[in-house]
Amino acid sequence: MPDASGHADIPQRRDTYRHGDLRRALLDAGVALAREGGPAAVVLREATRRAGVVPNAAYRHFANRDDLFDAVRGAALGALARAMEREIRRATRGITAAPERARAAFKAVGTGYVRFAQTEPGLFRAAFAAQPFDVGSTQPRADVRGDGGRDPFQILCDTLDQLVASGVLGAARRPGAEFLAWSSVHGMAMLALDGPLRGLGAAQVESMADRLVAMVEKGL
């Protein structure tokens, strides 16, 4: 805010924070940078500038840029997981029949994934700029989990298990289905984000995502 003279206040730099504050400030700055410009925008020096500290202060919490980016990537995956969870809650609200509920949840995972890529392109690119988490891990990093304690991959697997439990998908066809579904939806997300479909409007992308998920379900 401007002071009485009309000049904007300048945040004072400080190199001592209460335990945890600086790491959170740097991570928040890194997430903001990723949101604005994707993986390449996450620069440790810029994160320290935004956090209002001298560059050397960052090394108490992050060894280097890659260390910061790994934390940003984890935060991006956690945001994706929560977006998928919200989409599932919205899509399944009021549905009581198990087969219909399972189908709605599976569809919501796919459409929520593509919608996140459209609405948060910087974070989506950051989430998948490198191997983000151990696929199949029963104990994923805390930062990549959604509110339900599951990472994006586990959320997808859960919906596939629900398809089997409700009789929609045969148990013999379940093994490996998560990779087929994931690769299809991720490919669609990338084509719409950085590929030949990037000129489509949001409504067109959502319509195509709906059709894709329906096609994947039928093909599993």
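Throughout, residues of each chain are indexed from 1 in the direction in which the sequence is written. Given that the model is predicted, a residue must reach a pLDDT of at least 70 before its local features are reported, and side-chain atom pairs must reach 80 or more before they are shown or counted; all residues, however, enter totals for whole chains, interfaces and linings. Derived side-chain values reflect all non-hydrogen atoms in the structure, with water molecules and hydrogen atoms excluded from consideration.

K.L.:
I'd like a description of empty space enclosed by the protein, backed by residues and values.
P.N.:
The way it works is a 1 Å grid over only the protein atoms, where trapped points that fit a 1.4 Å probe form a cavity and open points with protein on both sides within 12 Å along at least five of seven lines form a pocket, and then any residue with an atom within 4 Å of a point lines it. Grid points are joined across faces, edges and corners, and a volume is the space filled by probe spheres set on the points. For the structure shown, the criterion picks out 1 cavity of 30 Å³ or more. Approximately 160 Å³ is the volume attributed to the largest cavity. Taken together, 15 residues form the lining of the largest cavity, with Val109, Tyr113, Leu156, Trp182 and Val185 sitting closest to its centre. The set of elements that each furnish at least two residues to the lining of the largest cavity consists of helix H3 (65-92), helix H4 (98-119), helix H6 (152-165), helix H7 (177-194) and helix H8 (202-219). Under the scheme used here, helices are H or I runs from DSSP no shorter than 4 residues and strands are E runs no shorter than 2 residues, and both carry numbers assigned from the N terminus. Among the elements that line the lining of the largest cavity, the one with the most residues is H4, at 4 residues. When residues are grouped by polarity, Ala, Val, Leu, Ile, Met, Phe, Trp, Tyr, Cys and Pro land in nonpolar, Asp, Glu, Lys and Arg in charged, and all others, Gly among them, in polar. Here the lining of the largest cavity is composed, by residue class, of 14 nonpolar, 1 polar and no charged.

K.L.:
Lay out helix H2 (residues 44-51) in plain terms, naming residues and giving numbers.
P.N.:
Those residues of H2 not exposed but buried are Leu44, Ala47, Thr48 and Ala51. Along the axis of H2, the buried positions cluster into a sector of 100°, meaning they face one direction only. Taken together, the buried residues of H2 touch helix H1 (21-37) and H3. At the exit of H2 stands Gly52, carrying a positive phi of roughly 80°. Burial classification: accessible surface area is computed with a 1.4 Å probe over protein chains only, and a residue below 20% of its type maximum counts as buried, one above 50% as exposed, and the rest as partly exposed. Think of the arc as the fan of directions from the helix axis to the C-beta atoms. Throughout, a contact is declared for two residues whenever any of their heavy atoms are within 4.5 Å.

K.L.:
Give a description of the layout of surface pockets that names residues and reports values.
P.N.:
Approximately 200 Å³ is the volume attributed to the largest pocket. As for the largest pocket, its lining consists of Glu85, Ile88, Arg89, Thr92, Arg101, Ala105, Gly148, Arg150, Ile155, Asp158, Thr159 and Gln162. Elements supplying a minimum of two residues to the lining of the largest pocket: H3, H4 and H6. Considered class by class, the residues forming the lining of the largest pocket number 3 nonpolar, 4 polar and 5 charged. Surrounding the second largest pocket, 13 residues form its lining, Arg23, Leu27, Ala71, Ala75 and Asp143 being those nearest its centre. Sorting the residues of the lining of the second largest pocket by element identifies H1 and H3 as the ones contributing at least two each. Residue composition of the lining of the second largest pocket, by class: 4 nonpolar, 2 polar and 7 charged.

K.L.:
Residues and numbers for the packing of aromatic side chains, please.
P.N.:
One pair of aromatic rings is described through two measures. These are the centre distance and the angle between the planes. Note on aromatic pairs: the rings of Phe, Tyr and Trp (six-membered ring only in Trp) are paired at centre separations within 6.5 Å, and the planes decide the class, stacked below 30 degrees, edge-to-face beyond 60, tilted for the rest. Within the structure shown, the criterion is met by 6 aromatic pairs. By the criterion adopted, a ring carries a charge over it if an Arg CZ or a Lys NZ lies within 6 Å of its centre and within 35 degrees of its normal. We note Arg65 situated over the ring of Phe69; from NZ or CZ to the ring centre the distance is 4.6 Å.

K.L.:
Give me the nonpolar core: which residues, what numbers.
P.N.:
To form a nonpolar core, buried Ala, Val, Leu, Ile, Met, Phe, Trp, Tyr and Cys residues must be joined to one another through side-chain atoms within 4.5 Å. Core analysis: the biggest nonpolar cluster contains 59 residues, and Phe106 and Leu160 have the highest contact counts within it. Among the secondary structure elements, those contributing two or more residues to this core are H1, H2, H3, H4, helix H5 (121-127), H6, H7 and H8. With 12 residues, H3 is the single largest residue contributor to this core. Among all residues touching Leu160, those that are not within four sequence positions of it are Phe106, Leu169, Arg174, Ala177, Glu178 and Leu220.

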